[in-house]
Amino acid sequence: MTYSHHAEDHYIHRTGWLRASVLGANDGIISVTSLVMGMAASGASSHTLFIACLAGLISGATSMAAGEYVSVQSQKDIEHADLKFEARELEKNPHLELEELTIIYMRRGLSPELAKEVAIQLTEKDALEAHARDEIGIIEQTAARPIQAAFSSALSFSLGALCPMLAILLSPEHLVSIVVLIVGICSLAIMGALSSYFAGTALWKGSLRITLWGILAMAFSSWVGSFFQVGPI
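Residue positions are given per chain, counting from 1 as you read along its sequence in written order. A pLDDT threshold of at least 70 governs which residues receive local features in this predicted model, and a stricter bar of 80 or more applies before side-chain atom pairs are shown or counted, although totals over entire chains, interfaces and linings include all residues. The side-chain numbers reported here are obtained from all heavy atoms of the structure, hydrogens and water having been left aside.

(A) A look at the overall build of the chain. Of the regular secondary structure elements, the chain holds 7 helices and 0 strands. Along the chain direction, N to C, the helices and strands of the chain fall in the order α-α-α-α-α-α-α. Working definition: with a 1.4 Å probe on protein chains only, accessible area under 20% of the residue-type maximum means buried, over 50% means exposed, and in between means partly exposed. Put simply, the chain has 233 residues, and 36% of those count as buried. The contact criterion used is simple: two residues touch if any of their non-hydrogen atoms lie within 4.5 Å. When contacts within the chain are restricted to residue pairs at least 6 apart in sequence, long-range pairs at least 24 apart make up 75% of them. Secondary structure elements are taken from DSSP: a helix is a run of H or I of four residues or more, a strand is a run of E of two residues or more, and numbering for both begins at the N terminus.

Now the structure itself:
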């Protein structure tokens, strides 16, 4: 018997890097742009704004990478602990584990006889994989990958933070705050649309959601910065 292979490109396999990338880029644009807006409102010069932007990029990217790595590594440790526990249970109580797997398939709609047969065949093929997938919920597409998450987060944060940095470099001294604001809003709108595209959702929803939160953060930072009129530094 021959089987035709019907390949489908699902979105779920993008979860690992997409979440970290969206979080990093969003944080890079919003946090660094808000920092620049707050300092600009206090009267800081373009030179000072650029230095602050560069410092925000370096510290933010490092912090995002470290935080993402620690967070996802903790998830990975939990997954490994669950797999070790399940392996011990399979070794000590194989019949109880087989019954447990059978009940899982029955709850999903299979008849008791078919559920038992499926559980037996999957156990013979790879018992740990079957329990990891159907009992614990660990699958390859969504498994924790700390290094990938850390790299994606740091890279996306840096790319996001480059937007206000380029705006500072390319804008006249007296228009720097306006240019940074416009670039920040446009960057958030584009990034939101891109994240929605890769997630398979409506472009305008992701774009609007991220842009509104970004504008709120920038406005608040500018308001706080206006209380500290330090003049050009």
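(B) Structural context of the packing of helix H3 (residues 94-107) against helix H4 (residues 112-136). Two elements in contact, H3 and H4, have axes separated by 8 Å at closest approach and are oriented at 110 degrees. Comparing the axis directions of H3 and H4 gives the class roughly perpendicular. In this structure, H3 meets H4 at a crossing whose hand is right-handed. Looking at the contact of H3 with H4, its residues break down into 12 nonpolar, 3 polar and 6 charged. Axis definition: a line fitted to C-alpha atoms, limited for helices to the stretch in contact. Angles are taken between N-to-C directions and run from 0 to 180 degrees. If an angle is under 35 degrees, it is roughly parallel; if it is over 145, roughly antiparallel; if it lies from 65 to 115, roughly perpendicular; otherwise it is oblique. Should the near helix be turned anticlockwise from the far one by less than a right angle, the crossing is termed left-handed; should it be turned clockwise, right-handed. All amino acids are sorted into three groups, where Ala, Val, Leu, Ile, Met, Phe, Trp, Tyr, Cys and Pro are nonpolar, Asp, Glu, Lys and Arg are charged, and the leftover types, Gly among them, are polar.

(C) Highlighting the packing of aromatic side chains. Any two rings among Phe, Tyr and Trp, with Trp reduced to its six-membered ring, count as a pair given centres within 6.5 Å; such a pair is stacked if its planes are under 30 degrees apart, edge-to-face if over 60, and tilted if neither. Under the criterion given, the structure shown has 2 aromatic pairs. Both rings, one in Phe-220 and one in Trp-223, keep their centres 5.9 Å apart while their planes meet at 40 degrees; by these two values the pair is tilted. You can see Phe-220 and its partner Trp-223 sitting in helix H7 (residues 203-225), 3 residues apart, about one turn around the helix. Pair check on accessibility: Phe-220 and Trp-223 agree, each one exposed.

(D) Representation of the environment of Gly-160. Relative to the assigned elements, Gly-160 resides in helix H5 (residues 146-170). The class for Gly-160 is buried, based on a relative accessible area of 4%. Each C-alpha atom, one on Gly-160 and one on Asn-26, is 6.9 Å from the other, the two residues being 134 residues apart in sequence. Setting aside anything within four residues of it in sequence, one finds Gly-160 in contact with Ala-25, Gly-28 and Ile-29.

(E) Looking closely at the environment of Ala-55. Within the element layout of this structure, Ala-55 appears in helix H2 (residues 46-92). Considering only alpha carbons, one finds Ala-55 and Val-32, 23 residues apart in sequence, at a separation of 9.3 Å.

(F) Quick peek at the nonpolar core. Judged by nonpolar contacts, the single largest core of 24 residues is most densely connected at Val-36, Leu-49, Cys-53, Phe-157, Ile-168, Val-180 and Leu-188. Of all elements in the fold, only helix H1 (15-41), H2, H5, helix H6 (176-199) and H7 reach the threshold of two or more residues within this core. Counting residues per element, this core draws most heavily on H1, which supplies 7 residues. Leaving out residues up to four positions away in the same chain, Ile-168 has contacts with Val-36, Ser-46, Leu-49, Phe-50, Cys-53, Val-176 and Val-180. Buried residues of nine kinds, namely Ala, Val, Leu, Ile, Met, Phe, Trp, Tyr and Cys, make up a nonpolar core once their side-chain atoms join them within 4.5 Å.

(G) Spotlight on the pattern of salt bridges. One speaks of a salt bridge when a side-chain nitrogen belonging to Lys or Arg is within 4 Å of a carboxyl oxygen belonging to Asp or Glu. Taken as a whole and judged by the stated rule, the model has 4 salt bridges. A salt bridge links Asp-134 to Arg-108; the shortest N-O distance between them is 3.1 Å. One end of the pair, Asp-134, is in helix H4; the other, Arg-108, is in the loop between H3 and H4, with 26 residues separating them in the sequence. For Arg-108, a relative accessible area of 53% gives the class exposed.

(H) Molecular detail of the UniProt feature "transmembrane region" (unreviewed entry) in the chain. UniProt positions are given in the numbering used here, feature names are shortened, and annotations may be inferred rather than shown by experiment. If you check UniProt for "transmembrane region" (unreviewed entry), the listed places come out as residues 20-41, 47-66, 149-169, 175-198 and 210-230 in our numbering. Within the segment residues 47-66, helix and strand shares are 100% and 0% respectively, and the terminal C-alpha atoms sit 29 Å apart. Here residues 149-169 runs as 100% helix and 0% strand, with 30 Å between its end C-alpha atoms.

(I) View of a nonpolar patch on the surface. On the surface, Phe-151, Leu-155, Leu-159, Leu-162, Leu-166, Leu-169 and Leu-170 cluster together into a nonpolar patch covering about 740 Å² of accessible area. Among the structural elements, Leu-159 can be located in helix H5. Only residues whose relative accessible area exceeds 30% and that form no salt bridge enter a patch; like-charged residues are grouped when within 9 Å of one another, and nonpolar side chains (Val, Leu, Ile, Met, Phe, Trp, Tyr) when within 5 Å. In this description, accessible areas are obtained by the Shrake-Rupley approach with a 1.4 Å probe, and a residue is regarded as covered only by the protein chains that are shown.

(J) Expanded view of the confidence of the model for the chain. Note on scores: pLDDT gives the predictor's confidence for each residue, bounded by 0 and 100. Averaged over every residue, the pLDDT of the chain is 82; the share at 70 or more is 86%. Confidence scores differ between elements of the chain, with H1 showing the lowest mean pLDDT of 79 and H3 the highest of 91.

(K) Seen up close, the side chain of Ser-46. The topology assignment puts Ser-46 in helix H2. In contact with Ser-46, other than residues within four places in its own chain, are Ile-168, Glu-173 and Val-176.

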